[in-house]
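# Structural features, examined
Single-letter residue listing:
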Amino acid sequence: MLLRKCLCVMVVLLLPALARAQQWTGQVRGSWVRDGAAAEGDVTLAKPAEICDIVVGAQEESPVQQAAKFLAGDLEKITGQKPAIVAAAREGHAAIVLNTAPDGSHDFSKWNYSFQPGDWEAYQIRTFQNEIMLTGSDARGTAYAAYTLSERLGIDPLYLWTGYVPVKHETLVMKGTDFSAGPPTFRFRGFFHDDEDILPRPFEPSGYPYRLGDVPTEWYAKYFETALRLRMNMVAPYTRVHRRYEVQKMASDWGLFYTSHHYDILLSNPFGIERYDLGEKRNAGKIWDWDTNRQGMMNFWRGGVEENKDLDCVWPVGLRGTDDHSYTFPKRTPADVRLKTFRDVINDQVEMVKSLLPKGKPAYFHFTMYAEMLDQYLKDPAGFALPADVTIVWPDDQDGRIRYLPTDRGKWKHGVYYHLAYLGPVPKQSAHIVTPAMIAQEFKKIVDAQATDYMLVNVSEMREFVMEGRMLAEVCWDAKTALADMPAEARPAEPLANFPSKQAATQPTSNPAGDRYVNWWCNEYFGADAAPLAAEAYHRYYTLLCSYDKQWFGSGQVQSLIDQLQKRFAGQKVASTDQKLVAEMKDRDQKFREAFDVIGQARDHMTRAQQQFFFDHLELPLLIDWRPTQAAIELAGAVDARDDAGAWQACDRAMKPLEQLEVEIARAEHPPFELWYRKTWIRRENADLNVHRPYEQLRAFLSSGGRDKLKEPDNARRPVFPVRKD
């Protein structure tokens, strides 16, 4: 009785200090480790030549089994000893017990759990005597308890991207703990690892990824592990690459719902209808036309359901073309006929999935109103008459601003499709541009509109987007706590302008929840001494890169000025450079210098490993614009030089910051990120969408004596770098 009273008192004292993940007010990683001697109620997990067991019953589902494997590996990283995963605890031996309630294998009567069996992904972590009980309301809840424990013992959930190495503890003592996590705010929470990116694979001569090839399974394993450690429960791994069942099965086995892009209807892989002969194999016919080949289209979609019916899936429904374009109706098809077609297609898809799934397996659906589908839906929402069990998913504008949210939710659940990254006319995959303040602002609107059944976010290749990706994961788990100090926002009453955005909009750089997150991030990843200066550096970062086009500002000027110089050296008349633009470039250069002064001060308080991640995540994206801006200032001087000798000297000076950027890029290409910004289709050395473009352009220009610029392949996709023309 005395022990129980002591435990109760300790729990009351500990809870405010432990539930910090979304409060962003104190350290999370390693916060449950006791420094010094164990106190009453603590559990000693490891000491020299002795390590706890991890207890997992054979009846536990595969997500729990996988979480136990990760947990064992995490404890080995911390203590140097790897726990055994066993079916039953040994008397007198410390143990971490993973149990999904109620399973009958333990007596839970002595605990008053904060959840009910069957709650969605809730869990509790409790110490009792020499055991740590990880109990979930379902299998995913139990798994999330293990991932939470790993972080609180010292494992960074983003370690694959940050390179963080946990603090070693030969003797590992966990503080007495009673920690609860209720069901998450967002039911489905997922990362979309866009295949239009640098995932490692061979390349076609055009520079596109070899789309009949494979992305290594090991690469997807990194994404899946990261998602799980952040308590995400859904992934959309690919849409336009070779699809291997083993990859999507791995996601499902580990505890992640498998879903896909808005055009990958019923996970049927329309990209492969001809490329992989899926149309022929599924008896889909030759024409993608609902009126003339309805059964063939149903056969094709049926193939996706048959392939994935044993996995945990969220099924996309709708009607689109076979290669991420809109469905083509015959000319002059009346609006009501189009609407009926959409309605019939979706109803047939829903009924087919329900009829094919194994008995007792729930069917989840989403209708993502991306591209033309939003406009179609908004013309007549009632006319679509979507089945009640289809979640309506509202898109952003590809820059983090939600285009539309429902004012009347009707009988449907609602969700959002969000972008931290996007490949468009100007690449948005080289730097994190969507600010924490923007996320807080927009997700306050989303939560207020109760569009919280589904959230899929495009994170590109993940590395550049870990900061905001983590914030989204935590907002989606507990939005009330994360956004506690955000004022109520008026929901947009009318759709935003059609996307892709014709003009980049400035991102908000500050609000209470966003600032709180940035301050916490800096303390968590760079230490208390560096945190204030690091937070100031991030503020300057988001001010300088306040819209996606700003990262390419200097690149655009270099491109324009080389065009001018080529004309000059060919003897053509060239107008003087716009002095307002020159002043803008010089002002931007000065702001970069001031930012890097703060960055330098922050680095002085960091370890070498922290400095490397700080460079990768914050410094390099700034340098990608600063160095070309410095070069452009010199090239502007070359255009206006009195004689050719002075112009060539200015061109030579312009090359130096671009050469320096080459060295700086190489610094970010350390293991396991070798050649990260080079041999890839959006950043290859001889083409258009890459950070090397100014360097390659000016080098070609100088080496040819001003006759040539960078030569483009005939089939290269040239970006539209924004250039001021006042």
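Residues numbered from 1 in each chain as written. Predicted model: local features only at pLDDT ≥ 70, side-chain atom pairs only at ≥ 80, totals over all residues. Heavy atoms only, no water.

Moving on: the pattern of salt bridges. One pass over the structure, following the stated rule, counts 36 salt bridges. A salt bridge links D485 to R516; its shortest N-O distance comes to 2.8 Å. Taken together, the residues span a long stretch of sequence, with D485 in the loop between α15 (479-482) and α16 (512-526) and R516 in helix α16 at a distance of 31 residues. Given a relative accessible area of 34%, D485 falls into the partly exposed group. (Salt bridge = Lys/Arg side-chain N within 4 Å of Asp/Glu carboxyl O. Helix = DSSP H or I, 4+ residues; strand = E, 2+ residues; numbered from the N terminus. Buried < 20%, exposed > 50% of the residue type's maximum accessible area, 1.4 Å probe, protein only.)

Relative to each other, helix α18 (residues 553-569) and helix α22 (residues 693-703) sit at 10°, their axes nearing to 9 Å. Judged by the angle between their axes, α18 and α22 are roughly parallel. For α18 against α22, the interelement crossing comes out left-handed. Contacts between α18 and α22 involve S555, V558, Q559, I562, L565, Q566 and F569 from the first element and R693, P694, Q697, L698 and F701 from the second. For the contact of α18 with α22, the residue count by class is 7 nonpolar, 4 polar and 1 charged. (Axes fitted to C-alpha atoms, helices over the stretch in contact; angles between N-to-C directions. Parallel < 35°, antiparallel > 145°, perpendicular 65-115°, else oblique. Left-handed = near helix turned anticlockwise from the far one by under 90°. Contact = heavy atoms within 4.5 Å. Nonpolar A, V, L, I, M, F, W, Y, C, P; charged D, E, K, R; others polar.)

In this section: the sheet that holds strand β7 (residues 131-136). The strand order β4-β3-β5-β7-β6-β9 describes an open sheet built from 6 strands, whose pairing is mixed. Looking at which strands have only one partner, the edges of the open sheet turn out to be β4 (85-86) and β9 (178-181). Pairing of strand β6 (residues 123-128) with β7 involves 6 bridges; the strand directions are antiparallel. Along β7, the bridge assignment pairs F128 with E131. (Pairing = 2+ DSSP bridges.)

Right, let's get into the pairing of β6. Counting buried residues along β6, 6 of its 6 residues qualify, which places the element largely inside the surrounding structure. Where burial is concerned, the two faces of β6 agree: the one with Y123, I125 and T127 and the one with Q124, R126 and F128 are both buried. The antiparallel hairpin formed by β6 and β7 contains 2 residues in its connecting segment, where Q129 sits at a positive phi of about 55°. In terms of strand pairing, β6 meets β9 through 4 bridges, oriented antiparallel.

The strand order across the open sheet formed by 3 strands is β2-β1-β8, and the pairing between neighbours is antiparallel. The open sheet terminates on both sides in strands that have one partner only, identified here as β2 (50-51) and β8 (172-174). As paired elements, strand β1 (residues 43-47) and β8 share 3 bridges and run antiparallel to each other. Directly across from V43, in β8, lies its bridge partner M174.

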